[in-house]
Amino acid sequence: MKIPFNKPHFTGREAHHLSQAALLGKLSGNGFYTHECQAFFEKRYHLHKTLLTTSCSDALEMAALALRIGPGDEIIMPSYTFVSTANAFVLRGATIVFADSNLQNPNIDADQLESLITVRTRAIVVVHYGGIACDMEKVMQIAGKHQIPVVEDAAQGIEATFNGRPLGSIGTLGTYSFHETKNVTSGEGGLLLVNDPALINRAEIIWEKGTNRAAFARGEVEKYEWVEPGSSFLPNELTAAFLFGQLEQLDDIQQKRMQIWQDYFSRLSDLATAGFIGLPQVPEYAAHNGHLFYLTTRNAGERDRLLSHLLKNDIHAVFHYLSLHRSPYYNRLHDGRDLPRADHYASTLLRLPFFYSLQPSEIDRISETIHQFYK
Ligand SMILES: *Cc1c(COP(=O)(O)O)cnc(C)c1O
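What counts, and at which threshold
Numbers given for residues are sequential positions, taken from 1 along each chain in its written order. Only residues with pLDDT of at least 70 get local features here, since the model is predicted, and only at 80 or more are side-chain atom pairs given and counted; chain-wide, interface and lining totals rely on the full set of residues. Only hydrogens and water are set aside; all other atoms, that is, all heavy atoms of the structure, feed into the side-chain values. Throughout, an axis means a line fitted to C-alpha atoms (over the contacting stretch in the case of helices), and angles, computed between N-to-C directions, take values from 0 to 180 degrees. Strands here mean DSSP runs of E at least two residues long; helices mean DSSP runs of H or I at least four residues long; both are numbered from the N terminus. What sets the label is the angle itself: under 35 degrees gives roughly parallel, over 145 gives roughly antiparallel, 65 to 115 gives roughly perpendicular, and the rest give oblique. Should the near helix be turned anticlockwise from the far one by less than a right angle, the crossing is left-handed, and should it be turned clockwise, the crossing is right-handed. Whether two residues are in contact is decided by their heavy atoms: any pair within 4.5 Å suffices. Residue classes follow a fixed rule: Ala, Val, Leu, Ile, Met, Phe, Trp, Tyr, Cys and Pro count as nonpolar, while Asp, Glu, Lys and Arg count as charged, and any other residue, Gly among them, counts as polar. Expected span, for any helix, means 1.5 Å times one less than how many residues it has. Classification of residues uses two cut-offs on accessible area relative to the type maximum, computed with a 1.4 Å probe and protein chains only: under 20% is buried, over 50% is exposed, and between them is partly exposed. Directions pointing from the helix axis toward each C-beta atom define the arc. Paired strands are those between which DSSP finds at least two bridges. Here the limits of each domain have been adopted from an automatic or database domain assignment. Throughout, the accessible surface (probe 1.4 Å) given up by two parts as they are put together, summed over both, is called the buried area. Each reported salt bridge corresponds to a side-chain nitrogen of Lys or Arg within 4 Å of a carboxyl oxygen of Asp or Glu. Contacts described as polar in this section are N or O atom pairs within 3.5 Å, which, within protein, must combine one atom able to donate a hydrogen with one able to accept it, while residues neighboring in sequence count only if both atoms come from side chains.

S.K.: Whenever I open this one, the packing of helix α11 (residues 300-312) against helix α13 (residues 360-374) confuses me. Can you help?
M.R.: Relative placement of two packed helices is described by the angle separating their axes and the distance separating the axes. Running from amino to carboxyl end, α11 crosses α13 at an angle of 130°, the nearest separation of the two axes being 10 Å. It follows from the interaxial angle that α11 and α13 lie oblique. The element α11 and its partner α13 pack so that their crossing is right-handed. Residues E302, R305, L306, H309 and L310 of α11 form the contact with α13, whose participating residues are I366, T369, I370, Q372, F373 and Y374. Class assignment of the residues belonging to the contact of α11 with α13 gives a composition of six nonpolar, three polar and two charged.

S.K.: Can you walk me through α13 in this structure?
M.R.: Note on helix geometry: an α-helix contains 3.6 residues per turn, so any two residues three or four positions apart are oriented the same way. Compared with an ideal rise of 1.5 Å per residue, which puts 15 residues at 21 Å, α13 spans 21 Å between its outermost C-alpha atoms and is within 8% of the ideal. Turning to α13, its buried residues are E362, I363, I366, S367, T369, I370 and Y374. Seen end-on, α13 carries its buried residues on one side only, within an arc spanning 155°. Packed against the buried residues of α13 are α10 (250-273), β11 (294-296) and α11.

S.K.: What should I look at first to understand unusual backbone geometry in this one?
M.R.: The backbone phi angle of E159 is positive, close to 75°, even though this residue is not glycine. Mapped onto the elements of the fold, E159 is located in the loop between β5 (150-153) and β6 (161-162). The phi angle at D314 is positive, at roughly 60°, despite the residue not being glycine. Inspection of the secondary structure puts D314 in the loop between α11 and α12 (340-348).

S.K.: Would you mind going over the sheet that holds strand β7 (residues 165-166) with me for this structure?
M.R.: Each strand in a sheet pairs with another by means of backbone hydrogen bonds, the pair being arranged parallel or else antiparallel. The antiparallel open sheet is built from three strands, whose spatial order is β7-β6-β10. Looking at strand neighbours, the two that pair on one side only are β7 and β10 (286-287), the edges of this open sheet. Bridge count between β6 and β10: two bridges; the pairing is antiparallel. Its bridge partner being in β10, F162 is matched across the sheet by A286.

S.K.: Help me understand the sheet that holds β5, please; the structure alone is not making it clear to me.
M.R.: The strand order across the open sheet built from seven strands is β1-β9-β8-β5-β4-β2-β3, with neighbouring strands paired in mixed fashion. Either end of the sheet is taken by a strand with one partner, and the two such strands are β1 (49-53) and β3 (95-99). Across the sheet, the mean angle from the axis of one strand to that of its neighbour is 20°, orientation sign disregarded. With five bridges connecting them, β1 and strand β9 (residues 190-194) associate as antiparallel partners. Among the inter-strand pairings, K49 is bridged to a residue of β9, identified as V194. Helix-sheet contacts for helix α3 (residues 56-66) involve β1, β5, β8 (173-177) and β9, and the interaxial angle to β8 is about 165°. The sheet contacts of helix α6 (residues 136-146) involve β4 (121-127) and β5, and relative to β5 the element is tilted by about 155°.

S.K.: What's the story with the domain arrangement of the protein in this structure? I'm lost.
M.R.: As a measure of interface size, the accessible area lost when the parts come together is often cited. When cut into domains, the protein gives domain 1 (14-247) and domain 2 (250-374). In this structure, domain 1 and domain 2 have C-alpha centres spaced 26 Å apart. With 46 residues of domain 1 at the interface, the matching set in domain 2 holds 36 residues. For the pairing of domain 1 and domain 2, the buried interface totals around 3500 Å² over both sides, and the portion due to carbon and sulfur atoms is 54%. When the buried area of domain 1 at its contact with domain 2 is split by residue, Y80, F98 and N183 rank highest and sum to 20% of it. In this structure, D251 engages R44 in a salt bridge whose closest nitrogen and oxygen atoms are separated by 2.7 Å. There are 27 residue pairs in polar contact (both at pLDDT 80 or more) connecting domain 1 and domain 2. Where the side of domain 1 that touches domain 2 is concerned, the elements lending two or more residues are α2 (32-45), α4 (83-90), β3, β6 and α9 (237-247). Considering every element that reaches the side of domain 1 that touches domain 2, the biggest residue donor is β3, with five residues. When grouped by side-chain class, the residues that make up the side of domain 1 that touches domain 2 number 23 nonpolar, 17 polar and six charged.

Written as structure tokens, this is what we have:
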């Protein structure tokens, strides 16, 4: 039997909420289920304000708009990340200053930040890879010293924490993804966390096509007007209703995923001890969320051979990301600095199948197949 890389999980609650949404008769955005989803996270994580979006990519674009990023601005972010992290700022005409990953895990190396800051730096974007927190104390301390806003791309980070604080809630702005590959999903979907109260009004206007319609709906203004540049970043109520059906079962989903992560870790740790592979290192300040499981190989060739060995045994593992500073689009725009650790993860990291219904017997089979490869 083939083990796929991902399989979307249905909690069984989605259909009920979808038909409720239809019965309520309002399918456009910012309705009952949008409020339910936003309130879910605001209460659970004690957040000022969240806005449900059509994707995490869109939430990142909203962040760039909310911070008024424009041509000439420099944005510091890791090279080892998904393209959306960079696109949001490149679309506003900004220049990306790529930082390297650290040795422990693919997250941004906070010790390098200071040397990358110039008078043009307008934001630091961190990515919590695999739901494992970046060193936010160091990041916030450096950003605070230079008064630079921090955006947390916590696309993979719901339910994970840094020293007990939810990822996405620490920087100026944070973003979550509800893409099919994430812990909870609405197919496509995202959330913007507005942690700086001074940005709440602007963020809401950007979300509602540049109008003050949300304030109008609350009776705060007499008519709604075009007050800023914005777009349509809100999902329809069906998307929100589906997501709510997932959020109701969040604790169950998380319990399962944490178990899967632990099972992988304990079954593969002997290979790590023997020096054949690298496994995720979770710093003391981080509590992860069982988003994904990866290993690193000793070199690129070995990763390719392991990948084909797994595929030959009907196990669908994948690799990602290709460092953005080497991408066809950005390599000629990059300032030329070497980013060896980003390259290291890009060429040696392998992600194993990870989804709610992955069985212990399947994890056994995957582990045995990897052991067989190293024998
Ligand atoms: C998944 C992901 C995104 C994009 O999320 P979408 O909801 O698909 O737009 C952005 N950044 C990171 C780090 C991701 O893992």
